[in-house]
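Residues per chain are reported as follows:
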Amino acid sequence: MPTNEKIAIFRCYKCKQEKPISEFHKDPTRLNGLDSRCKKCKSQYEKKRWETHKEKRKNSFKEWYELNKERERAQKRQYAREHPEERRIYRVKLRLKLLQKVSGNNIPQCVNCGCDDIRFLEINHVNGGGSKEKFDVGGQGYFHRSILNGTRKTDDLNVLCKVCNSLDHLKRKYEIVPIEIVWNGKEVVSCQG
Ligand SMILES: [Zn+2]
Ligand SMILES: [Zn+2]
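Not measured: the values here are computed from a predicted model.

Thoughts on unusual backbone geometry
- For K16, which is not glycine, the phi torsion reads 65 degrees and is therefore positive.
- Of note, K16 is situated in the loop between β1 (9-11) and β2 (18-20).
- By C-beta crowding, K16 is classed as exposed, having 9 other C-beta atoms within 10 Å.

Right, dumping it as structure tokens:
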């Protein structure tokens, strides 16, 4: 066998290099039966194509997801509008659960006056900063959810009635509040201290 046998070479359309035909994939649809790109260029091309495809799929999934999320939200809003009583009960139950969790008590009470009417009870930040935190997490709903699902610890929270909570706020601001709140089991009674 002659060792100086001429090796068939072919010019890659992409990188313009002349390479032996073994560096090209076969392509029966072409006149010379070879791909116009060399194997190296071809694989780069395929890789790029795949990346684009992946990106497109990701984006279209994202679009579909957003659309679906919006639709689901609209359906929920619609359902809530059509079932106000159910919604009210759901909210009361959620509120009770939240207050139970923060107070560590089945019957949540104001730690200051003992009021146990949950309509008046609120969650209080012992060291202040409640408004800031609610703002930071994106609203009261998110704040409450993080307590319920356990991602937000409750060590620095307690339960106060609306009146005591307001007084607490005043006390923090002015350091002294000249009245005392007493819960008599039915209503909040305030008296001069
Ligand atoms: Zn090439
Ligand atoms: Zn109170």
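Considering the packing of helix α3 (residues 130-137) against helix α4 (residues 140-148)
- Look at α3 against α4: their axes get within 7 Å of each other, and the N-to-C directions meet at 95 degrees. It follows from the interaxial angle that α3 and α4 lie roughly perpendicular. On α4, the residues that touch E133, K134 and V137 of α3 are Q140, Y142, F143 and S146.
- For the contact of α3 with α4, a count of residues per class yields three nonpolar, two polar and two charged.

Points about the packing of helix α2 (residues 84-103) against α4
- Relative to each other, α2 and α4 sit at 60 degrees, their axes nearing to 10 Å. Between α2 and α4, the angle is such that the two are oblique. Taken as a pair, α2 and α4 cross one another with a handedness that is left-handed. Packed against α2, whose contacting residues are K97, L98, K101 and V102, the element α4 presents H144, I147 and L148 at the interface.

The rules behind the values
- Numbering of residues starts from 1 in every chain and runs along the sequence as written.
- Key to labels: chains lettered from A, ligands numbered from 1, both in the order written.
- Only residues with pLDDT of at least 70 get local features here, since the model is predicted, and only at 80 or more are side-chain atom pairs given and counted; chain-wide, interface and lining totals rely on the full set of residues.
- For the purposes of this entry, the term helix denotes a DSSP run of H or I that reaches at least four residues, the term strand denotes a run of E that reaches at least two, and both are numbered from the N terminus.
- A residue is called partly exposed when the number of other C-beta atoms within 10 Å of its own lies between 12 and 20, exposed at 12 or fewer, and buried at 20 or more, with C-beta atoms placed from the backbone.
- Helix axes use the C-alpha atoms of the stretch in contact, all axes being lines fitted to C-alpha atoms, and the angles between their N-to-C directions lie in the range 0 to 180 degrees.
- When an angle is under 35 degrees it counts as roughly parallel; over 145 it counts as roughly antiparallel; between 65 and 115 it counts as roughly perpendicular; any other value is oblique.
- Contacts are defined on C-beta atoms placed from the backbone: any two residues whose C-beta positions lie within 7 Å are in contact.
- Amino acids are sorted into nonpolar (Ala, Val, Leu, Ile, Met, Phe, Trp, Tyr, Cys and Pro), charged (Asp, Glu, Lys and Arg) and polar (every other residue, Gly among them).
- Each helix crossing is assigned a hand: it is left-handed if the near helix lies turned anticlockwise from the far helix by less than a right angle, otherwise right-handed if that turn is clockwise.

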